[in-house]
Amino acid sequence: MTRSTHTLTLDQGTLDITVDLFGQEGRPFLLLHGGGGPQTVTPFAGLLAEQRPARVFTPIHPGFDGTARPEWLTDVTTLAQVYAQLLDALDLRDVAVVGNSIGGWIAAELAALGSPRISSVTLVNAVGIPVPGHPIADTFSLTPVELSRLSFHDPSKFRFDPSALTEAQRAVMAANRGTLQIYSGPHAMTDSTLPDRLAKVTHPTLVAWGASDQVVDADYGRAYAQAIPEAEFRLLEGTGHMPQTETPEEFLPVLWDFAEAHTTDRPRH
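Let me sum up the structure you'll find in this document. A quick note: this is a predicted structure, and the numbers were derived from the prediction, not measured.

**A short note on the overall build of the chain**
Item 1. Along its length, the chain carries nine helices and eight strands.
Item 2. For 269 residues, the compact-globule estimate of 2.2 N^0.38 gives 18 Å, and the C-alpha radius of gyration of the chain, at 17 Å, lies within 12% of that figure.
Item 3. Judged by the C-alpha coordinates and their principal axes, the chain covers about 50 × 40 × 40 Å.
Item 4. In the chain, of all internal contacts separated by at least 6 residues, the share reaching a separation of at least 24 is 76%.
Item 5. A total accessible area of about 12000 Å² is found for the chain, and carbon and sulfur atoms account for 51% of it.
Item 6. Of the side-chain charges in the chain, 18 are positive and 31 negative, and the distance between the mean point of each set is 3 Å.

**Considering the environment of E50**
Item 1. Along the chain, E50 turns up in helix α1 (residues 42-51).
Item 2. Distance from E50 to G23, taken between C-alpha atoms, is 7.2 Å for residues 27 residues apart in sequence.

**Observations concerning the environment of G37**
Item 1. Position of G37 among the secondary structure elements: in the loop between β3 (27-32) and α1.
Item 2. G37 sits in the buried class, given a relative accessible area of 0%.
Item 3. Linking G37 and M173, residues 136 residues apart in sequence, is a C-alpha distance of 8.6 Å.

**Observations concerning the pattern of salt bridges**
Item 1. Enumeration according to the criterion identifies ten salt bridges in this entry.
Item 2. The salt bridge partner of R117 is D88, with a shortest N-O separation of 2.6 Å. Highlighted residues: R117 in the loop between α3 (102-113) and β6 (118-124) and D88 in helix α2 (residues 76-90), separated in sequence by 29 residues.
Item 3. Under the relative-accessibility criterion, D88 is labelled partly exposed at 42%.
Item 4. Residue R197 pairs with E109 through a salt bridge whose shortest N-O separation is 2.8 Å. In this pair, R197 sits in helix α6 (residues 194-198) while E109 sits in helix α3, placing the two residues 88 residues apart along the sequence.
Item 5. The class for E109 is buried, based on a relative accessible area of 2%.
Item 6. Where salt bridges share partners, they join D88, D91, R93 and R117 into one cluster.

**A look at the layout of surface pockets**
Item 1. In this structure, the largest pocket spans a volume of roughly 1200 Å³.
Item 2. G35, G36, P144, L147 and M173 are the residues nearest the centre of the largest pocket, which is lined by 41 residues in total.
Item 3. Those elements giving two or more residues to the lining of the largest pocket turn out to be α4 (144-151) and α5 (167-184).
Item 4. Looking at the lining of the largest pocket element by element, the count peaks at eight residues for α5.
Item 5. Class assignment of the residues belonging to the lining of the largest pocket gives a composition of 21 nonpolar, 15 polar and five charged.

**Observations concerning the sheet that holds strand β2 (residues 13-22)**
Item 1. Spatial strand order, β1-β2-β4-β3-β5-β6-β7-β8: eight strands in an open sheet with mixed pairing. Taken across any chain shown, the strands that pair with only one partner, and hence form the sheet edges, are β1 (2-10) and β8 (232-236). For this sheet the average axis-to-axis angle between neighbouring strands, irrespective of direction, equals 25°.
Item 2. Here four bridges tie β6 to strand β7 (residues 205-210), and the two strands are oriented parallel to one another.

**Some words on the side chain of T18**
Item 1. Relative to the helices and strands, T18 resides in strand β2.
Item 2. Classification of T18 as buried rests on a relative accessible area of 13%.
Item 3. Residues within four places of T18 in sequence aside, it is in contact with R3, S4, T5, T58, P59, I60 and T67.

**Regarding the packing of aromatic side chains**
Item 1. Applying the stated rule across the entire model yields five aromatic pairs.
Item 2. Judged by centre distance (5.9 Å) and plane angle (25°), the rings of F29 and W256 are stacked. With F29 in strand β3 and W256 in helix α9 (residues 248-261), this pair connects stretches of sequence that are 227 residues apart.
Item 3. With a centroid separation of 4.1 Å and an interplanar angle of 5°, the aromatic rings of F152 and F158 are classed as stacked.

**What about the nonpolar core?**
Soluble globular proteins tend to pack their nonpolar side chains together in the buried interior.
Item 1. The biggest cluster of nonpolar side chains holds 56 residues, and the ones touching the most others in it are L30, V82, Y83, V97, L123, Y220 and Y224.
Item 2. Residues in contact with L30, not counting those within four places in the same chain, are F57, P59, Y83, L86, L87, V95, A96, V97, V98 and L110.
Item 3. Judged by nonpolar contacts, the second largest core, of 24 residues, contains L31, L48, L252 and V254.

**Re unusual backbone geometry**
Item 1. Here D65, not a glycine, exhibits a phi torsion of approximately 50°, which is positive.
Item 2. Summarising the element assignment, D65 is placed in the loop between β4 (54-60) and α2.
Item 3. On the basis of relative accessibility, which here comes to 33%, the residue D65 falls in the partly exposed class.
Item 4. Even without being a glycine, D91 presents a positive backbone phi close to 55°.
Item 5. Its place among the elements puts D91 in the loop between α2 and β5 (95-100).

Rules used in this analysis
- Residue positions are counted from 1 within each chain, in the order its sequence is given.
- Only residues with pLDDT of 70 or above have their local features reported here, since the model is predicted, and side-chain atom pairs are shown and tallied only from 80 upward, although totals for entire chains, interfaces and linings are computed over all residues.
- With hydrogens and water stripped out, all remaining heavy atoms of the structure feed into the side-chain values.
- Put simply, DSSP marks the helices as runs of H or I at least four residues long and the strands as runs of E at least two long, and each gets a number from the N terminus on.
- C-alpha atoms define the radius of gyration in this analysis, and the globule rule sets the expected value at 2.2 Å times the number of residues to the power 0.38.
- We call two residues in contact when some of their heavy atoms are within 4.5 Å.
- A 1.4 Å probe and the Shrake-Rupley method give the accessible areas. Residues count as covered only by the protein chains that appear here.
- Residues scored as positive are Lys and Arg, those scored as negative are Asp and Glu, and His as well as the terminal groups of each chain are ignored.
- One atom stands in for each charge, and that atom is NZ of Lys, CZ of Arg, CG of Asp or CD of Glu.
- Note on classification: 1.4 Å probe, protein chains only; a residue is buried when its accessible area is under 20% of the maximum for its type, exposed when over 50%, partly exposed between these limits.
- Salt bridges are counted wherever a side-chain nitrogen of Lys or Arg sits within 4 Å of a carboxyl oxygen of Asp or Glu.
- Note on definitions: the grid is 1 Å and covers protein atoms alone; a cavity is a set of points where a 1.4 Å probe fits but cannot get out; a pocket is an open set with protein on both sides within 12 Å along at least five of seven lines; lining residues have an atom within 4 Å of a point.
- Grid points are joined across faces, edges and corners, and a volume is the space filled by probe spheres set on the points.
- The residue classification treats Ala, Val, Leu, Ile, Met, Phe, Trp, Tyr, Cys and Pro as nonpolar and Asp, Glu, Lys and Arg as charged. All others, Gly included, are polar.
- In this analysis, strands are considered paired if DSSP registers two or more bridges between them.
- Here the axes come from fitting lines to C-alpha atoms, over the contacting stretch only for helices, and the angles between their N-to-C directions go from 0 to 180 degrees.
- Stacked, tilted and edge-to-face are the three classes applied to pairs of Phe, Tyr and Trp rings, where Trp contributes its six-membered ring and a pair requires centres within 6.5 Å; stacked means planes under 30 degrees apart, edge-to-face means over 60, and tilted covers the rest.
- For the purposes of this section, nonpolar cores are sets of buried Ala, Val, Leu, Ile, Met, Phe, Trp, Tyr and Cys residues that join through side-chain atoms within 4.5 Å.

Here it is as structure tokens:
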């Protein structure tokens, strides 16, 4: 893994984006983490780069893990614009964009921007749209243990002991939580204007969903797929809100096969 920092300039101002890269050659993936922070995608990024010819770029959303967030960066729509510019700065093409949870929301907004650098989009248990009758769990009111019960098919494999955290780790978790609240907006992880933008998405899109997710249920995922023209929906059995964490070996071929089926680059041999 190599880490780099990229200074980007938007109309609103300038900011630095920290990016971890796994793999040195092959198909580029932009892997966007959820509210749990970069550690929810880092092991999977390494696995993907190890098992496939892939370069996996995993940016840290500004404000997470001690990174700086400029005051003007307060919503997912703007964050998607940041990542569109990051693809330009990295001069990446034929990019498979993947996002989990709020990272999926960012990926959906990025798809709506229509960057020609993107070849496919995979939304993994994403949030972002209002779906009547299928509310998103209020994760901010839950303890880490309670959230784990909703997030995993088998929570016993992901036991969380808050007493084992150092003060520094507690501080990072608190800062991450505060940053997530800012990005989630006033309507608890949804934006009522997002479906209108999704209706115009032209990138091939896969909506992959852990069947045991109790943060956002499978019918919410089906509604997400229906909001995007010609999107595919894939139910993943035996896993919950973070398939890349809970069942990475099963999720990896699903992701890879979809990305390979929708390459815009010349065939790889």
